[in-house]
Amino acid sequence: NAGVTQTPKFRVLKTGQSMTLLCAQDMNHEYMYWYRQDPGMGLRLIHYSVGEGTTAKGEVPDGYNVSRLKKQNFLLGLESAAPSQTSVYFCASSMGTEAFFGQGTRLTVV
Amino acid sequence: DQQVKQNSPSLSVQEGRISILNCDYTNSMFDYFLWYKKYPAEGPTFLISISSIKDKNEDGRFTVFLNKSAKHLSLHIVPSQPGDSAVYFCAASIQGAQKLVFGQGTRLTINP
């Protein structure tokens, strides 16, 4: 079972570059989330989606955009990367109770 | 504004003993609470949950206790095993809001 799959697993960006992180889930879950994990900060919600075609802002949305064109995919975009966006990014999906997480994407912005 | 707080960044316990991880929350609207376990280079995995209508939930070696009046929950692991060494996150949600709010995490180390 694939569950939640994130692509890529690692990436190094230069300041100002753009990139898209892809999340795919095969559990037919309605809800999908993007979190970032930073030392001492836990997991903070960036954006989330409660269904295909919908998105909403979380706690720390600035500098990020998302799209949910298909139910199984949730994309996180960085239009102009900044060093403050160096983090580990986790995608998750849920049917409303516990969320299932991907393995994470380690992003470094230099 | 940290709505869910885990005030102990780390905890060290001897194998076979009880591990107790604590979590406090400030939002009285939270009515569903979860614990996740995370190994290095992996995503968090769901461990156990509790609804606000209960004060205790058990699953094998893991028990979660909820004290609504104190806005406090705890995770008990007994007996602790080396494989329990990981970072533990507590999380809270308002059912129907579809969002989980996480604490900062506690790194648990089980010593042989």
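Above this text you will find the structure in question.
What comes next is a walk through the structure.

The rules we used
- Residues numbered from 1 in each chain as written.
- Chains lettered and ligands numbered in written order.
- Predicted model: local features only at pLDDT ≥ 70, side-chain atom pairs only at ≥ 80, totals over all residues.
- Heavy atoms only, no water.
- Contact = heavy atoms within 4.5 Å.
- Buried area = accessible area lost by both parts, 1.4 Å probe.
- Salt bridge = Lys/Arg side-chain N within 4 Å of Asp/Glu carboxyl O.
- Polar contact = N/O pair within 3.5 Å; in protein donor to acceptor, adjacent residues only side chain to side chain.
- Helix = DSSP H or I, 4+ residues; strand = E, 2+ residues; numbered from the N terminus.
- Nonpolar A, V, L, I, M, F, W, Y, C, P; charged D, E, K, R; others polar.
- Pairing = 2+ DSSP bridges.
- Axes fitted to C-alpha atoms, helices over the stretch in contact; angles between N-to-C directions.
- Buried < 20%, exposed > 50% of the residue type's maximum accessible area, 1.4 Å probe, protein only.
- Core = buried A, V, L, I, M, F, W, Y, C linked by side-chain atoms within 4.5 Å.
- Phe/Tyr/Trp six-rings, centres within 6.5 Å; stacked < 30°, edge-to-face > 60°.
- Patch = residues over 30% accessible without salt bridge, like charges linked within 9 Å, V, L, I, M, F, W, Y side chains within 5 Å.
- Areas by Shrake-Rupley, 256 points an atom, 1.4 Å probe, with all protein chains shown as cover.

1. Quick word on the interface of chain A and chain B
Then step 1. In this complex, chain A contributes 18 residues to the contact, which on the side of chain B involves 16 residues.
Then step 2. The contact between chain A and chain B buries some 1500 Å² in all, and 61% of this surface belongs to carbon and sulfur atoms.
Then step 3. Interface area lost by chain A to chain B is led by Leu 43, Glu 98 and Phe 101 of chain A, which between them contribute 28%.
Then step 4. There are zero salt bridges connecting chain A and chain B.
Then step 5. Remark: the boundary between chain A and chain B carries two residue pairs in polar contact (both at pLDDT 80 or more).
Then step 6. Sorting the residues of the side of chain A that touches chain B by element identifies β4 (31–38), β5 (42–49) and β10 (99–101) of chain A as the ones contributing at least two each.
Then step 7. Of the residues in the side of chain A that touches chain B, the class split is eleven nonpolar, six polar and one charged.

2. Some remarks on the sheet that holds strand β3 (residues 19–25) of chain A
Note on sheets: strands pair through backbone hydrogen bonds, and any given pair is parallel or antiparallel.
Residue and element names in this part refer to chain A.
Then step 1. In spatial order, the strands read β1-β3-β8-β7; together these four strands make up an open sheet with antiparallel pairing. With one partner strand each, in any of the chains shown, β1 (4–7) and β7 (64–67) form the two edges of the open sheet. Sheet twist, expressed as the average angle between the axes of neighbouring strands with direction ignored, equals 20°.

3. Considerations on the sheet that holds strand β8 (residues 72–77) of chain B
Then step 1. What the five strands build is an open sheet, ordered β1-β3-β8-β7-β6 (chain B); its pairing is antiparallel. Lying at the two open borders of the sheet, with one neighbouring strand each, are β1 (4–5) and β6 (56–59) of chain B.

4. Observations concerning the environment of Arg 68 of chain A
All names here are of chain A.
Then step 1. Take Arg 68: it is sitting in the loop between β7 and β8 (73–78).
Then step 2. On the accessibility criterion, Arg 68 (2% relative accessible area) is buried.
Then step 3. With 17 residues separating them along the chain, Arg 68 and Gln 85 place their C-alpha atoms 21 Å apart.
Then step 4. Separated by 2.7 Å, the side chain of Arg 68 and the backbone oxygen of Lys 71 make a polar contact.

5. Re the nonpolar core
Generally speaking, a soluble globular protein has its nonpolar side chains buried in company with each other.
Then step 1. In terms of nonpolar packing, the biggest core is built from 24 residues, with Val 4, Phe 33, Trp 35, Leu 73, Leu 75 and Tyr 88 of chain B touching the most fellow members.
Then step 2. Put simply, the parts of the chain that give this core at least two residues each are β3 (19–25), β4 (32–38), β5 (45–51), β7 (62–67), β8, β9 (86–93) and β11 (106–111) of chain B.
Then step 3. Among the elements that take part in this core, β9 of chain B stands out by supplying four residues, more than any other.
Then step 4. Core analysis: the next-biggest nonpolar cluster, separate from the first, contains 19 residues, Leu 43, Val 88 and Ala 99 of chain A together with Leu 34 of chain B among them.

6. Examining the packing of aromatic side chains
Then step 1. Per the counting criterion, the structure on display carries 13 aromatic pairs over all chains.
Then step 2. Here Tyr 36 of chain B and Phe 46 of chain B contribute two aromatic rings whose centre-to-centre distance is 6.0 Å and whose plane-to-plane angle is 70°, an arrangement assigned as edge-to-face. Residue Tyr 36 of chain B is found in strand β4, and its partner Phe 46 of chain B is found in strand β5; the two are separated by ten residues along the sequence.
Then step 3. Using a relative accessible area of 0% as the deciding quantity, one classes Tyr 36 of chain B as buried.
Then step 4. For Phe 46 of chain B, a relative accessible area of 29% translates into the label partly exposed.
Then step 5. Of the aromatic side chains, those joined through ring pairs into one cluster are Tyr 33, Tyr 35, Tyr 48, Phe 90 and Phe 101 of chain A together with Tyr 36, Phe 46, Phe 89 and Phe 102 of chain B.

7. Focus: the pairing of β9 of chain B
Residues and elements named next belong to chain B.
Then step 1. Among the eight residues that make up β9, eight are buried, leaving the element largely enclosed by the rest of the structure.
Then step 2. Here β9 shows a buried face lined by Ala 86, Tyr 88, Cys 90 and Ala 92 and a second buried face lined by Val 87, Phe 89, Ala 91 and Ser 93.
Then step 3. Direction of pairing for β9 relative to β11: antiparallel, over a ladder of three bridges. When the bridges of β11 are listed, Tyr 88 appears paired with Thr 106.
Then step 4. Bridge count for β9 against strand β10 (residues 101–102) is two bridges, and the pairing is antiparallel. Residue Ala 91 lies in a different strand from β10, and its bridge partner there is Phe 102.

8. Things to note about a nonpolar patch on the surface
Residue and element names in this part refer to chain B.
Then step 1. Where nonpolar side chains cluster on the molecular surface, the patch consists of Ile 18, Ile 20 and Val 78 and spans about 230 Å² of accessible area.
Then step 2. You can see Ile 18 is positioned in the loop between β2 (10–14) and β3.
Then step 3. The exposure class of Ile 18 is partly exposed, given its relative accessible area of 40%.

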